[in-house]
Structures are given as structure tokens and as C-alpha cells.
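Spelled out from the first residue to the last, the chains are:
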Amino acid sequence: MDIAALLSDPAAWAALITLIVMEVVLGIDNLIFISILSNKLPEHQRAKARRIGITLALVMRLALLSTLAFIVGLVQPVFSLPWQGPLDSHGQPMWELNFSWRDLILIAGGLFLVWKATTEIHEKVEPGDGHGVMDTGGKVVTNMGSAIFQILLLDLVFSIDSILTAVGMTDHLPIMFTAVIVTVALMLVAANPLANFINNNPTVVMLALGFLLMIGAVLIADGFGFHVPKGYIYAAMAFSAGVEALNMLARKAGAKKAPPGETKH
């Protein structure tokens, strides 16, 4: 189907809008990681690191889209282990240890995300024990090269997940390319406000790290064949974010009611 036919096809527009929404939801994980990591840099480098990280995500996704045969091949098993789970109601094993390259990439990415989130949480709970350089305000910072390398690693994992989702939703390359470009453009717009919001609200930082820890665990489970519906994950994230928003409103209301010279805890 050519571009003109796609533009006049309501089903193509519906697929594009649906895919953009899905890609934006999947991109939230990537954006949270970029925001947390870039906030550890000196202030004058943060925006640049976010732009580089998100641009790399765009380049990687477009490159992967141009090699769809390679991407589809990533889901073919490369080796298996002789164990499987109990049979479900349909007589099929609940899980099997058949590993594809996609599975191995998800497991590696999940382990990295769990390690990184755990390290960041430890630095928040025990400040001063991190491996970064301490700035004058006591914040652990890292260097630009290290930050970009870590962002690149997670970009790869999230990009493969994103492209496989796109392939499963439409057969038309122009729709996939458009959805990816629009999604990354939205990420560029949202990156600085989200990063600043996370940086200015310490409790949100811990919540975001908890999200990353959960996402890492889900990636590992997915790599081992335990498929957790993403709707459950994002519903839990939305619920937690809603509770944190209520906490922030309660703290703000408490601060307004506090007598002059007295701080509400």
C-alpha cells in the first residue's frame, strides 16, 4: 500500500494513533531512566545528556525498523533448557525455557535495570557510599560518557521491545516510522519538565526508582517466559503515582496551615 492510500485509509489512521499511544506508554520507562540518570550530572550537562539519550533512542529504533527481518529473527529460539512449568487449563505448559536473542537481551537489560535501580536506592538511603563524584551540595554525580553509555544500553532494550510491539500491531512501515518519530518527539518535549519535576521532589525520585526496579523484574520474567500483562504494570504505576500526588497535595496543604516559624513534618 502506497503513502497516498494510507493517508486516505481510516484504519491506517486508527492504527497510527493506537501505536503512538502504545509507544508513548512504553517510552515512559525509558524517559524515567534517562531523567534519573541525567539528574546525577552537573546541571549544565543535564539537558544535553537527555537530548543525546533520546536522539540515540530515535536512531536505534529507526535503524531496527529498517532491518525488520533481523528483528523478527530475534524471537526465534536459539537454545532450550529441559524444564517446563505445569500444564495450564489448555494442556499447555505455563512456562518453557526456550530462549531467543530477544529473551536474552530482555534478561540482560532487566538485570542491569534492577542493579542500577538498587544502586540508586542505596545511594539515596545511604548517601555518600556511591561510586560517583560528590559535588559541593553532596549529590553523587557521574560523568557524561558513563551516563550516555548506560542510557544507550537501556535504549537498546526498550527499542527492541518497542519495535516488536509495533511489528505486532501493523504491517505498514510508514505507520511504524511515523509512530516512532512522533513518540520520540514527545519524549524530547517532556524530558526536561519530567526530569526537573523528579529532581525537585525527592519522594518522587524514590517512587520512580521503584518503578524501574519493577520494570527490571518484569523484563527478567518476560525473558524467562513468564509474560506479565503490561496493563497490570502500568495500572500499578498509575495507582502509585496517584497516591504520591495525593501525598504531595497533603504536604502542601499542611505547609500552608503550619504556624509561622513552624515546619510541618
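Residues numbered from 1 in each chain as written. Predicted model: local features only at pLDDT ≥ 70, side-chain atom pairs only at ≥ 80, totals over all residues. Heavy atoms only, no water.

## What about the overall build of the protein chain?
Step number 1: In terms of helices and strands, the protein chain carries 9 helices and 4 strands.
Step number 2: Scanning the protein chain from its N terminus toward the C terminus, one meets helices and strands in the order α-α-α-α-β-β-α-β-β-α-α-α-α.
Step number 3: The 265 residues of the protein chain split such that 39% are buried.
Step number 4: For the protein chain, contacts bridging at least 24 residues in sequence account for 76% of all contacts bridging at least 6. (Helix = DSSP H or I, 4+ residues; strand = E, 2+ residues; numbered from the N terminus. Buried < 20%, exposed > 50% of the residue type's maximum accessible area, 1.4 Å probe, protein only. Contact = heavy atoms within 4.5 Å.)

## Things to note about a nonpolar patch on the surface
Step number 1: A contiguous nonpolar surface patch, about 520 Å² in accessible area, is contributed by Val78, Phe79, Leu81, Trp83 and Trp101.
Step number 2: In terms of residue count, the dominant contributor to the nonpolar patch is strand 1 (residues 77-84) (4 residues). (Patch = residues over 30% accessible without salt bridge, like charges linked within 9 Å, V, L, I, M, F, W, Y side chains within 5 Å. Areas by Shrake-Rupley, 256 points an atom, 1.4 Å probe, with all protein chains shown as cover. Salt bridge = Lys/Arg side-chain N within 4 Å of Asp/Glu carboxyl O.)

## Description of the pattern of salt bridges
Step number 1: On inspection of all chains with the given rule, the structure shows 5 salt bridges.
Step number 2: Residues Lys40 and Glu120 are paired through a salt bridge, measuring 3.6 Å at the closest nitrogen-oxygen approach. Taken as a pair, Lys40 in the loop between helix 2 (10-38) and helix 3 (43-65) and Glu120 in helix 5 (residues 101-125) lie far apart in primary sequence, 80 residues in all.
Step number 3: Judged by relative accessible area, which is 9%, Lys40 ranks as buried.
Step number 4: In this structure, the salt-bridge partner of Lys116 is Glu120, at a minimum N-O distance of 3.4 Å.

## Here's the deal with the packing of helix 2 against helix 7 (residues 173-200)
Step number 1: Helix 7 packs onto helix 2 with a crossing angle of 35° between their chain directions and a minimal axis gap of 8 Å. Regarding helix 2 and helix 7, the two cross each other, and that crossing is right-handed.
Step number 2: Among the residues forming the contact of helix 2 with helix 7, the class breakdown is 20 nonpolar, 5 polar and 1 charged. (Axes fitted to C-alpha atoms, helices over the stretch in contact; angles between N-to-C directions. Left-handed = near helix turned anticlockwise from the far one by under 90°. Nonpolar A, V, L, I, M, F, W, Y, C, P; charged D, E, K, R; others polar.)

## A short note on the confidence of the model for the protein chain
Step number 1: The predicted model of the protein chain averages 77 in pLDDT, with 81% of residues at 70 or higher.
Step number 2: No element of the protein chain has a lower mean pLDDT than strand 3 (residues 133-134), which averages 43, and none a higher one than helix 3, which averages 85.
Step number 3: Of the regions scoring below 50 in pLDDT, residues 130-140 engages in 16 contacts with residues more than four places distant in sequence or in other chains. (pLDDT = per-residue confidence, 0-100.)

## Concerning the side chain of Asp222
Step number 1: Looking at the secondary structure, you find Asp222 in helix 8 (residues 202-223).
Step number 2: Take Asp222: its relative accessible area is 9%, and that puts it in the buried class.
Step number 3: Within the structure, Asp222 has its side chain in polar contact with the side chain of Arg102 (distance 3.2 Å). (Polar contact = N/O pair within 3.5 Å; in protein donor to acceptor, adjacent residues only side chain to side chain.)

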